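Report on the structure
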Amino acid sequence: MTTERRQLEVSGIPVEVVRKDIKNLHLAVYPPHGRVRVAVPLRTGDETVRLAVISRLGWIRRQQKVLEQQPRQSEREMVTGESHFVWGRRYRLDVIEQDAPASVVIRNSKTLQLRVRPGTGREKREQVLQRWYRRLLRDRIADLRAKWEPRIGVRVASYGIKRMKTKWGACNIEERRIWLNLELAKKPPACLEYILVHELVHLLERHHNDRFRAYMDDFLPSWRLHREELNRAPLAHEDWEY
Ligand SMILES: [Zn+2]
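Scoring rules and cut-offs
- Residues numbered from 1 in each chain as written.
- Predicted model: local features only at pLDDT ≥ 70, side-chain atom pairs only at ≥ 80, totals over all residues.
- Heavy atoms only, no water.
- Buried < 20%, exposed > 50% of the residue type's maximum accessible area, 1.4 Å probe, protein only.
- Helix = DSSP H or I, 4+ residues; strand = E, 2+ residues; numbered from the N terminus.
- Arc of directions from axis to C-beta.
- Donors = N, O, S within 2.8 Å, 3.2 Å for Na, K, Ca; no water.
- Axes fitted to C-alpha atoms, helices over the stretch in contact; angles between N-to-C directions.
- Parallel < 35°, antiparallel > 145°, perpendicular 65-115°, else oblique.
- Left-handed = near helix turned anticlockwise from the far one by under 90°.
- Contact = heavy atoms within 4.5 Å.
- Nonpolar A, V, L, I, M, F, W, Y, C, P; charged D, E, K, R; others polar.
- Core = buried A, V, L, I, M, F, W, Y, C linked by side-chain atoms within 4.5 Å.
- Salt bridge = Lys/Arg side-chain N within 4 Å of Asp/Glu carboxyl O.
- Polar contact = N/O pair within 3.5 Å; in protein donor to acceptor, adjacent residues only side chain to side chain.
- Pairing = 2+ DSSP bridges.

Let's talk about helix α1 (residues 46–55)
- Restricting attention to buried positions, one finds in α1 the residues Val49, Ala52 and Val53. Each buried residue of α1 sits inside an arc of 95 degrees when the element is viewed along its axis, so together they form one side. Along α1, exposed side chains directed more than 90 degrees from the buried face belong to Glu47 and Leu51.

A short note on the coordination of the zinc ion
- The protein atoms donating to the zinc ion are His198 (NE2), His202 (NE2) and His208 (NE2), with metal-donor distances spanning 2.1 Å.
- Mapped onto the sequence, the residues coordinating the zinc ion show the spacing H-x3-H-x5-H. Taken together, the positions of His198 in helix α4 (residues 189–201) and His208 in the loop between α4 and α5 (210–219) put the pair 10 residues apart, joining distant regions of the chain.
- The exposure class assigned to His198 is buried, which follows from its relative accessible area of 13%.

A look at the packing of α4 against helix α6 (residues 223–231)
- At their nearest, the axes of α4 and α6 sit 9 Å apart, and the two run at 110 degrees to each other. On the basis of their axis angle, the class for α4 and α6 is roughly perpendicular. Relative to α6, α4 is oriented so that their crossing is left-handed. Listed contacts from α6 to Ala190, Cys191, Tyr194 and Ile195 of α4 are Trp223, His226, Arg227, Glu229 and Leu230.
- Residue classes in the contact of α4 with α6 are distributed as 6 nonpolar, 1 polar and 2 charged.

So, the nonpolar core
- The biggest cluster of nonpolar side chains holds 44 residues, and the ones touching the most others in it are Trp148, Leu180, Leu184 and Leu200.
- Where this core is concerned, the elements lending two or more residues are β6 (89–97), β8 (111–116), α3 (122–152), β9 (158–162), β11 (177–181), α4, α5 and α6.
- With 9 residues, the single largest contributor to this core is α3.
- The residues contacting Leu184, other than those within four sequence positions of it, are Trp87, Leu137, Trp168, Cys191, Leu192, Ile195 and Leu230.
- One finds Val15, Val17, Leu25 and Val40 within the second-largest nonpolar core, a separate group that totals 18 residues.

Here we look at the pattern of salt bridges
- Enumeration over the complete set of coordinates arrives at 18 salt bridges.
- A salt bridge links Arg19 to Glu4, with the nearest nitrogen and oxygen atoms 3.6 Å apart. Here Arg19, found in strand β2 (residues 13–20), pairs with Glu4, found in strand β1 (residues 4–10); they are 15 residues apart in sequence, far enough to count as distant.
- A salt bridge links Lys147 to Glu193, with the nearest nitrogen and oxygen atoms 2.7 Å apart. Here the residue Lys147 occupies a position in helix α3, and Glu193 occupies one in helix α4, the gap between them amounting to 46 residues.
- Take Lys147: its relative accessible area is 35%, and that puts it in the partly exposed class.
- Connected via shared salt-bridge partners are Glu4, Arg6, Arg19 and Asp46.

Things to note about the environment of Asp210
- Within the element layout of this structure, Asp210 appears in helix α5.
- In the structure, Asp210 is positioned 50 residues away from Gly160 in sequence and 28 Å away in space, judged by C-alpha atoms.
- Within the local environment of Asp210, its side chain forms a polar contact with the side chain of Arg213, the two groups lying 2.9 Å apart.

Points about the sheet that holds β6
- Read from one edge of the open sheet, 4 strands run β5-β6-β8-β7, paired in mixed fashion. Either end of the sheet is taken by a strand with one partner, and the two such strands are β5 (83–86) and β7 (103–106). In this sheet, neighbouring strand axes are inclined to one another by 35 degrees on average, regardless of whether the strands run parallel or antiparallel.
- When β7 meets β8, the two strands line up antiparallel, connected through 4 bridges. Residue pairing for β8: Ser103 is matched across the bridge by Arg115.
- Sheet strands in contact with α3 are β5, β6, β7 and β8, and its direction is about 20 degrees off that of β5.

Remember, this is a structural readout, not a statement about activity or role.
Here you go:
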C-alpha cells in the first residue's frame with residue numbers, strides 16, 4: 001500500500017497530509033499540542049485538502065483550544081493516590097503488593113484497588129489494569145449487542161477492542177467487524193452505547209450523510225449529547241465526504 005506524506009500550511013496552521021488507499025477524507029487534531037493531520041485518498045489534490053481544512057478551521061481551532069485548556073494528563077506512574085476513571089467516574093488508585101495473582105477491584109465508590117506481586121513495575125501494573133478495562137468493555141458490549149443488533153436489524157461478525165489514537169470506534173462494513181476503543185471504558189457508559197450504535201448504523205449507511213443522521217435520530221435521539229461529551233476529551237477527529 002502506497003503512503004505519501006507531506007506538510008502543507010493552511011491559514012498559518014501546519015497540516016500533515018497523508019495520502020493513502022482510503023475512501024474518505026479524515027481530519028484529526030492530536031494531543032498534546034493540537035497537531036493537525038489529514039488523511040486523504042491517493043488522488044486528492046492539495047487544493048482539495050486546503051479547502052477541506054479551511055471549511056473546518058472553526059472546528060480545528062476549537063479542538064486546539066480545548067487541548068490547551070486541558071490540564072496535562074501526566075504519564076501514569078501507576079502508584080497509590082493517582083486518579084483513574086472507570087465508566088466516567090473518578091477513582092483513587094490503591095496499589096497493594098502481595099504474593100498472589102494480580103487483580104483489580106472497585107472497593108467502594110472511591111477506590112480502585114490494584115493488587116500485584118511485590119516488585120511489579122509500572123508497565124506490568126498498567127497491563128493488569130488494561131486487561132481489566134478490556135473485560136469490563138467486553139461484558140458491556142455483549143449486553144449492548146443483544147439489545148441493539150435486533151433493534152437495528154443487523155448482524156455483526158465480531159467485535160474487537162483496541163487502543164486507537166484517533167478514533168472511538170471503527171466499522172469494517174465488508175467484514176461486518178466493529179472495533180471499539182479501549183478508552184471507552186473510562187467514559188460514561190452512554191458514550192460506549194453511542195459509539196456502538198453509530199458503528200452499527202454504518203452497516204445500514206456507509207457515509208455520514210442525512211440518511212445516516214436520520215437513523216441515529218431514530219435509534220438514539222440523544223446521540224449528539226454523547227458526541228459532545230466525547231469531543232471534550234483530547235481525542236478528536238472528523239470524517240467526511242469531499
Ligand atoms: Zn462513522
